Amino acid sequence: MAYSILIVDDDKAIKDYVEAHLKCFSYKVKSAENAYEALKILKSFKADIILTDITMQGMDGLELTRKIKKTFDTDVMVMTGYSADYSYEKAIQAGASDFIFKPFRLAELDLRIKRVLREAEFKKERSKLLKELEKLAITDALTELYNSRHFFSQIKTEINRHNRYLRPLSLLILDIDFFKIYNDTWGHLEGDKVLMRIGKVINSCMRSMDTAYRYGGEEFAILLPETGLQKACMVGARIKDNICSQIFEPEPMTKRSITVSIGATELVKGEDFKSFISRTDKALYKSKETGRNKLTYIVSNPNNT
């Protein structure tokens, strides 16, 4: 992999000298004579490192470093021939990754560049690992939906957003009908296959703004921001029908289908998350009590269903 370097120096002789030798080290190199030209080049040239002089006409190297760190995801190395006027601390405070005094040996410069590149790769790997760990912490391993911990965090966030912008927010909670019987008959491994398939079906039926969660053992929750109750019921009905159409084969020559019961509600003004969830649960239980394999909604008046 050829790394890219942008050299910024208003001393043409030094700029050309460093550029020629870095190309010999197999770097992809571009150069600019001042900070303004450098910022223009960076709009179309993705540099892994910017190597800039400090003392330049107009914008100096430290100010350039600050602007680069605000806008671009790249490392900056600063160089200067005036050791008494500039300090390593000032360069680091401006956002630089390293600081080198002129004159320097090109072999030393190459070693410093390689060190900065290694540290940058380590930071990227560490950031990637942290993101993966964060995802694992909020994801249900079986269904690959979000877990209940994340559900309770997200529902509070969505309610706060609703209160700020007065945009609708709806909630679906669904439960697999007679899932205990299925588990007892065919075993938990076959039951897990049902849970995994339902997770995939839910994901395929949602819109990009919706988020789905494994709420409990065989319960799932779906948050629908920017969505009134009528549209939420349409999404719920689509999920219910798609799940019902799935065919499972817990053992050879034995085919079974699964149904779900769903409760639906829309957040009302002044309602907290506990009341919101409780009302959705009541709608779910009414679906269970009145025949299962159906969707029931409850609005703000519990007697209006």
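Residues numbered from 1 in each chain as written. Predicted model: local features only at pLDDT ≥ 70, side-chain atom pairs only at ≥ 80, totals over all residues. Heavy atoms only, no water.

### Some remarks on the overall build of the chain
Thought 1: Across its full length, the chain holds 10 helices and 12 strands.
Thought 2: The C-alpha radius of gyration of the chain comes to 30 Å, more than 25% above the 19 Å expected for a compact globule of 305 residues.
Thought 3: Based on the C-alpha atoms only, the size of the chain along its principal axes is roughly 85 × 50 × 30 Å.
Thought 4: A burial count over the chain gives 46% of its 305 residues as buried.
Thought 5: Pairs at least 24 apart in sequence give 63% of the contacts found in the chain among residues at least 6 apart.
Thought 6: Accessible area for the chain stands at about 16800 Å²; split by element, carbon and sulfur atoms hold 52% of it. (Helix = DSSP H or I, 4+ residues; strand = E, 2+ residues; numbered from the N terminus. Rg over C-alpha atoms; globule rule 2.2 N^0.38 Å. Buried < 20%, exposed > 50% of the residue type's maximum accessible area, 1.4 Å probe, protein only. Contact = heavy atoms within 4.5 Å. Areas by Shrake-Rupley, 256 points an atom, 1.4 Å probe, with all protein chains shown as cover.)

### Digging into the packing of aromatic side chains
Thought 1: Applying the stated criterion to the full structure yields six aromatic pairs.
Thought 2: For the pair Phe151 and Tyr213, a centre-to-centre distance of 5.2 Å together with 65° between the ring planes defines the contact as edge-to-face. Here Phe151, found in helix 6 (residues 148-165), pairs with Tyr213, found in strand 7 (residues 211-214); they are 62 residues apart in sequence, far enough to count as distant.
Thought 3: Residues Phe152 and Tyr215 carry aromatic rings whose centres are separated by 6.1 Å and whose planes lie at 45° to one another, so their mutual orientation is tilted. With Phe152 in helix 6 and Tyr215 in the loop between strand 7 and strand 8 (219-225), this pair connects stretches of sequence that are 63 residues apart.
Thought 4: Residue classification places Phe152 among the partly exposed positions, given a relative accessible area of 31%.
Thought 5: An aromatic cluster is present here, built from Tyr146, Phe151, Phe152, Tyr213 and Tyr215 joined pairwise through their rings.
Thought 6: Over the aromatic face of Phe25 sits the side chain of Lys114, whose NZ or CZ is 6.0 Å from the ring centroid.
Thought 7: Between Arg292 and the ring centre of Phe178, over which it is positioned, the NZ or CZ distance is 4.4 Å. (Phe/Tyr/Trp six-rings, centres within 6.5 Å; stacked < 30°, edge-to-face > 60°. Lys NZ or Arg CZ within 6 Å of the ring centre and 35° of its normal.)

### Looking at unusual backbone geometry
Thought 1: Look at the link from Lys102 to Pro103: it is a cis peptide, with omega at -10°.
Thought 2: Note that Pro103 resides in the loop between strand 5 (98-101) and helix 5 (106-137).
Thought 3: We note that Leu166 has phi near 55°; this positive angle belongs to a residue other than glycine.
Thought 4: Within the secondary structure, Leu166 is located in the loop between helix 6 and strand 6 (169-176).
Thought 5: In the Ramachandran plot, Asn293 falls in the positive-phi region, its phi being about 50° despite a non-glycine side chain.
Thought 6: Asn293 gets classed as partly exposed once you look at its relative accessible area, which sits at 31%.

### Comments concerning the packing of helix 6 against helix 10 (residues 273-289)
Thought 1: The interhelical angle for the contact between helix 6 and helix 10, taken along N-to-C directions, is 110°, at an axis separation of 10 Å. Put simply, helix 6 runs roughly perpendicular to helix 10. By crossing handedness, the relation of helix 6 to helix 10 is classed as right-handed. In contact with Phe151, Phe152, Ile155, Lys156 and Ile159 of helix 6, helix 10 contributes Phe273, Phe276 and Ile277.
Thought 2: Residue composition of the contact of helix 6 with helix 10, by class: seven nonpolar, no polar and one charged. (Axes fitted to C-alpha atoms, helices over the stretch in contact; angles between N-to-C directions. Parallel < 35°, antiparallel > 145°, perpendicular 65-115°, else oblique. Left-handed = near helix turned anticlockwise from the far one by under 90°. Nonpolar A, V, L, I, M, F, W, Y, C, P; charged D, E, K, R; others polar.)

### Focus: the side chain of Gln154
Thought 1: Assignment of secondary structure puts Gln154 in helix 6.
Thought 2: Setting aside its immediate chain neighbours within four residues, Gln154 contacts Tyr213 and Leu223.

### Some thoughts on the sheet that holds strand 8
Thought 1: Taken in spatial order, the five strands line up as 7-8-6-11-12 in an open sheet, and their pairing is mixed. Only two strands of the sheet have a single neighbouring strand rather than two, namely strand 7 and strand 12 (295-297). Ignoring which end each strand starts from, the neighbouring axes of this sheet average 20° apart.
Thought 2: Inspection of the sheet shows strand 6 paired to strand 8 by seven bridges, in the antiparallel sense. Note on strand 8: the bridge partner recorded for Leu169 is Pro225.
Thought 3: Relative to strand 11 (residues 260-266), helix 10 is tilted by about 145°, and along the sheet it contacts strand 6, strand 8, strand 11 and strand 12. (Pairing = 2+ DSSP bridges.)

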